[in-house]
Structure formats: structure tokens, C-alpha cells
Amino acid sequence: MLQPTDTPQEEDNPMVTCVQDCLQEAARGYAVSIRVYAANMTSMEYTDCQPVHDLITQLCQVRTASPGFDPHDYRNTNNQDNDTDATLLQELSLQTTCQILLDTALNHSTHTLEDASLLKHAVTASKKAGMDKKHCTLWERQITTLERTMADD
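Residues numbered from 1 in each chain as written. Predicted model: local features only at pLDDT ≥ 70, side-chain atom pairs only at ≥ 80, totals over all residues. Heavy atoms only, no water.

Trainee: What am I meant to see in the overall build of the protein here?
Mentor: For the protein, the count of helices and strands is seven helices and zero strands. Starting at the N terminus and walking to the C terminus, you meet the elements of the protein as α-α-α-α-α-α-α. When each of the 153 residues of the protein is scored for burial, the buried share is 32%. Taking the intrachain contacts of the protein between residues at least 6 apart in sequence as the baseline, contacts between residues at least 24 apart amount to 76%. About 10100 Å² of surface is accessible on the protein, with carbon and sulfur atoms providing 52% of the total. (Helix = DSSP H or I, 4+ residues; strand = E, 2+ residues; numbered from the N terminus. Buried < 20%, exposed > 50% of the residue type's maximum accessible area, 1.4 Å probe, protein only. Contact = heavy atoms within 4.5 Å. Areas by Shrake-Rupley, 256 points an atom, 1.4 Å probe, with all protein chains shown as cover.)

Below you can see the structure in the form of C-alpha cells.
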């Protein structure tokens, strides 16, 4: 019969530590790149919502197609034991990505009806992928207000 050997604990294993460090750096890089993209959007004289739509819908498609994805596992990261893990999960969450991109796109001064349609589709995709309905409803209202404003002009 095989007996367990004295193997290093997970936290003492340098390979595990290295992989965790790499994952943390990748997560931070992703979060920063989303914020940089949003900052670049605010500096433009016009906004093109197609990249925002494409990024959000692609993330939603990948998440829903993943065999191990359960949107309820990632919604509330406050229950995590490790604050660093909770922060990283929050930065990687669909909610944070949508909040950064949609809020930036919606607060931009120049829009077309096509932009409103693309943003509405992105919100619908995020809702299907498990996004909190409270946030989706807020964005849907903002888009509807935007559409009404454009229709009146």
C-alpha cells in the first residue's frame, strides 16, 4: 500500500508560489489595460462603441461557454479568505470590466444611435452571462435616456 510522502505544503512550494505570482501580475495587467483603454476613450473627440461591445460580448461568450464557469462563484468576492485574492477576483470580474467600459462610454459626450444599440447589446450579453441585474438595469436606463435624447435632437 502506498503511503503519503512528506511533500512540501502548497504555500511552501516554490512552483505554486511562482504560478500564483504570475497569475496576480497577469490579473493586474489586465485590469490596468482596461483602465488605460477607458482613459483613452475619454480623451477622444468621438467614441466608437464597437470595441467596447466586442470586448464585453467576447468575455461573456467565453465565460458562458466555459464548462466550469458558474457566474455565482465570482459575483461576491467579499467572502474570500485572502484579501489579495478577493481584490484580484474583483478586478477580473465581468462586473468591473463592464462598469469601467460602459460607464466611460455612456459618459462620453458624442454618441450615435448605433452606439446606443451596441451598448444595449453588450448589457444584454452581460446579463445572460450572469451579471447582477441591478447594474444591468442601471445601464439599460442610461442607454434608454441616451436614445431618447438623440431622438429628440
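Trainee: Hey, could you run me through the pattern of salt bridges in this one?
Mentor: With the rule as written, the count across this model stands at three salt bridges. Across the pair Lys120 and Glu147 runs a salt bridge, and its minimum N-O distance is 3.0 Å. Taken together, the residues span a long stretch of sequence, with Lys120 in helix H6 (residues 113–128) and Glu147 in helix H7 (residues 133–152) at a distance of 27 residues. As a salt-bridge pair, Lys127 and Glu140 come within 2.8 Å of each other at their nearest N and O atoms. Of this pair, Lys127 sits in helix H6 while Glu140 sits in helix H7, and the two are 13 residues apart along the sequence. According to the relative accessible area criterion, Lys127 is partly exposed, its value standing at 29%. (Salt bridge = Lys/Arg side-chain N within 4 Å of Asp/Glu carboxyl O.)

Trainee: Would you mind going over the packing of helix H5 (residues 94–106) against H7 with me for this structure?
Mentor: To characterise two packed helices, one gives the angle between the axes of the helices and the distance between these axes. Two elements in contact, H5 and H7, have axes separated by 11 Å at closest approach and are oriented at 15°. Here H5 is positioned roughly parallel relative to H7, judged by the angle of their axes. Two packed elements cross with a definite hand, and for H5 against H7 that hand is left-handed. Within the contact between the two elements, H5 uses Gln95, Cys98, Gln99, Leu102, Asp103 and Leu106 and H7 uses His135, Trp139, Gln142, Ile143 and Leu146. Along the lines of polarity and charge, the residues of the contact of H5 with H7 split into six nonpolar, four polar and one charged. (Axes fitted to C-alpha atoms, helices over the stretch in contact; angles between N-to-C directions. Parallel < 35°, antiparallel > 145°, perpendicular 65-115°, else oblique. Left-handed = near helix turned anticlockwise from the far one by under 90°. Nonpolar A, V, L, I, M, F, W, Y, C, P; charged D, E, K, R; others polar.)

Trainee: What should I look at first to understand the packing of H6 against H7 in this one?
Mentor: Taken N-terminus to C-terminus, the directions of H6 and H7 make an angle of 165°; their axes are 10 Å apart at the nearest point. With respect to their mutual orientation, H6 and H7 come out roughly antiparallel. For the pair H6 and H7, the crossing hand works out as left-handed. Residues Leu113, Ala116, Leu119, Lys120, Val123, Ser126 and Lys127 of H6 form the contact with H7, whose participating residues are Lys133, Cys136, Trp139, Glu140, Ile143, Leu146, Glu147 and Met150. Counted by class, the contact of H6 with H7 contains nine nonpolar, one polar and five charged residues.

Trainee: Looking at this model, I keep getting lost on the environment of Cys98. Mind explaining?
Mentor: Relative to the assigned elements, Cys98 resides in helix H5. Sequence-distant contacts of Cys98, that is, excluding residues within four places in its chain, are made with Ile56, Asp103, Ser126, Met131 and Trp139.

Trainee: Looking at this model, I keep getting lost on a nonpolar patch on the surface. Mind explaining?
Mentor: A cluster of nonpolar residues, Met15, Val19 and Leu23, forms a patch on the protein surface that exposes about 310 Å² of accessible area. You can see Leu23 is positioned in helix H1 (residues 14–43). By relative accessible area, Leu23 is classed as exposed at 57%. (Patch = residues over 30% accessible without salt bridge, like charges linked within 9 Å, V, L, I, M, F, W, Y side chains within 5 Å.)

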